Amino acid sequence: MQARRSFPTAVDALQVVTRDLLGLAVRSVDEVGEVSLPQMRLLFALRDEGESSCTDLAHVLGVSGSSVTRLADRLVASGHITRAGDPGSRSRVLLALTEHGVDVIEAVLAWRSRELTRALHSLDAAALGSLTDSLNVLHDALQQCHHDLTGPVPL
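Because the structure is a prediction, the values reported are computed rather than measured.

Chemist: Please explain the overall build of the chain as it appears in this structure.
Modeler: When helices and strands are tallied, the chain shows six helices and three strands. In the chain, the succession of α and β elements from N to C terminus is α-α-β-α-α-β-β-α-α. Relative to the compact-globule value of 15 Å for 155 residues, the chain shows a C-alpha radius of gyration of 19 Å, a clear excess of over 25%. When its C-alpha atoms are laid out on the principal axes, the chain stretches across 65 × 30 × 20 Å. Split into buried and exposed, the 155 residues of the chain put 25% on the buried side. If you sum the accessible surface of the chain, you get close to 10400 Å²; carbon and sulfur atoms cover 56% of it. Averaging the positions of the 14 positive and the 19 negative side-chain charges in the chain gives two centres separated by 5 Å.

Chemist: I tried to follow the sheet that holds strand 3 (residues 89-97) on my own but got confused; where do I start?
Modeler: Hydrogen bonds along the backbone pair up the strands of a sheet, which may run parallel or antiparallel. Across the sheet, three strands lie side by side as 1-3-2; this open sheet has antiparallel pairing. Bordering the open sheet on either side are strand 1 (52-53) and strand 2 (81-86), each of which pairs with just one other strand. As paired elements, strand 1 and strand 3 share two bridges and run antiparallel to each other. Following the sheet pairing, Ser52 is matched in strand 3 by Leu95. Its contacts with the sheet place helix 2 (residues 37-49) against strand 1, strand 2 and strand 3, and it is angled at close to 105° to strand 3. In this fold helix 4 (residues 65-77) packs onto strand 2 and strand 3, with an angle of close to 120° to the strand it touches most, strand 2.

Chemist: What exactly am I supposed to notice about a negative patch on the surface here?
Modeler: Residues Glu34, Glu99, Asp103 and Glu106 make up a contiguous surface patch of negative charge. As for its placement among the helices and strands, Glu99 is situated in helix 5 (residues 99-120). On the basis of relative accessible area, Glu99 is assigned to the exposed category, the value being 66%.

Chemist: Got a minute to help me understand the pattern of salt bridges in this structure?
Modeler: Where charged atoms from two side chains of opposite charge come close, those side chains can pair. Within the structure shown, the criterion is met by five salt bridges. Put simply, Arg92 and Asp56 hold a salt bridge, and the shortest N to O gap is 3.6 Å. In this pair, Arg92 is assigned in strand 3 and Asp56 in helix 3 (residues 54-61), connecting sequence segments 36 residues apart. Given a relative accessible area of 38%, Asp56 falls into the partly exposed group. Asp73 is paired through a salt bridge with Arg83; the nearest N and O atoms lie 2.7 Å apart. Placement of Asp73 in helix 4 and of Arg83 in strand 2 is noted, with a sequence separation of ten residues between them.

Chemist: What's the story with the packing of helix 2 against helix 5 in this structure? I'm lost.
Modeler: Each pair of packed helices gets described by two things: the angle between the helix axes and the distance between those axes. Taken N-terminus to C-terminus, the directions of helix 2 and helix 5 make an angle of 105°; their axes are 10 Å apart at the nearest point. In terms of orientation, helix 2 lies roughly perpendicular with respect to helix 5. Residues Met40, Leu43, Phe44 and Arg47 of helix 2 form the contact with helix 5, whose own contacting residues are Gly101, Val104, Ile105, Val108, Leu109 and Arg112. Classifying every residue of the contact of helix 2 with helix 5 gives seven nonpolar, one polar and two charged.

Chemist: How should I be thinking about the nonpolar core in this particular structure?
Modeler: Among soluble globular proteins, nonpolar side chains are generally buried collectively. Met40, Leu42, Leu43, Leu57, Val68, Ile81 and Leu95 are the most contacted members of the largest nonpolar core, which totals 22 residues. At the level of secondary structure, the elements contributing two or more residues to this core comprise helix 2, helix 3, helix 4 and helix 5. In terms of residue count, the dominant contributor to this core is helix 2 (six residues).

Conventions and cut-offs
- Residues numbered from 1 in each chain as written.
- Predicted model: local features only at pLDDT ≥ 70, side-chain atom pairs only at ≥ 80, totals over all residues.
- Heavy atoms only, no water.
- Helix = DSSP H or I, 4+ residues; strand = E, 2+ residues; numbered from the N terminus.
- Rg over C-alpha atoms; globule rule 2.2 N^0.38 Å.
- Buried < 20%, exposed > 50% of the residue type's maximum accessible area, 1.4 Å probe, protein only.
- Areas by Shrake-Rupley, 256 points an atom, 1.4 Å probe, with all protein chains shown as cover.
- Lys, Arg positive; Asp, Glu negative; His and termini not counted.
- Charge placed at Lys NZ, Arg CZ, Asp CG, Glu CD.
- Pairing = 2+ DSSP bridges.
- Contact = heavy atoms within 4.5 Å.
- Axes fitted to C-alpha atoms, helices over the stretch in contact; angles between N-to-C directions.
- Patch = residues over 30% accessible without salt bridge, like charges linked within 9 Å, V, L, I, M, F, W, Y side chains within 5 Å.
- Salt bridge = Lys/Arg side-chain N within 4 Å of Asp/Glu carboxyl O.
- Parallel < 35°, antiparallel > 145°, perpendicular 65-115°, else oblique.
- Nonpolar A, V, L, I, M, F, W, Y, C, P; charged D, E, K, R; others polar.
- Core = buried A, V, L, I, M, F, W, Y, C linked by side-chain atoms within 4.5 Å.

Written as structure tokens, this is what we have:
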């Protein structure tokens, strides 16, 4: 039977890969160059939540409503999102993605996919299969401990 890796070594490896993946995510936004990182987070939140109010988006992103309003002002001006009144409540304003906003999200995700694919091509079939299986097991373990990991803070 193969010896199990020590726990601190696995944690250290995950810390390194987490930084790598976050760096790749941030760089993807920079490479597309259309919006800032906070604006991209708002675009992703709108993609995930659909048409939403600033208050709802502030909750999803873990920021103040005024922060979302400032981000929305810039994204409306640049044509990435729209702002409209809620037919069900005159005091509520809803934000939604435009086609241009969707195109920016798709460009960012395409850049990430290309870079991840390029990195994965350096692995042989056995290593790729092992990595895939291990990541799925880790995802399941994280979901058992933290049920809200796939929710807020889109990037």
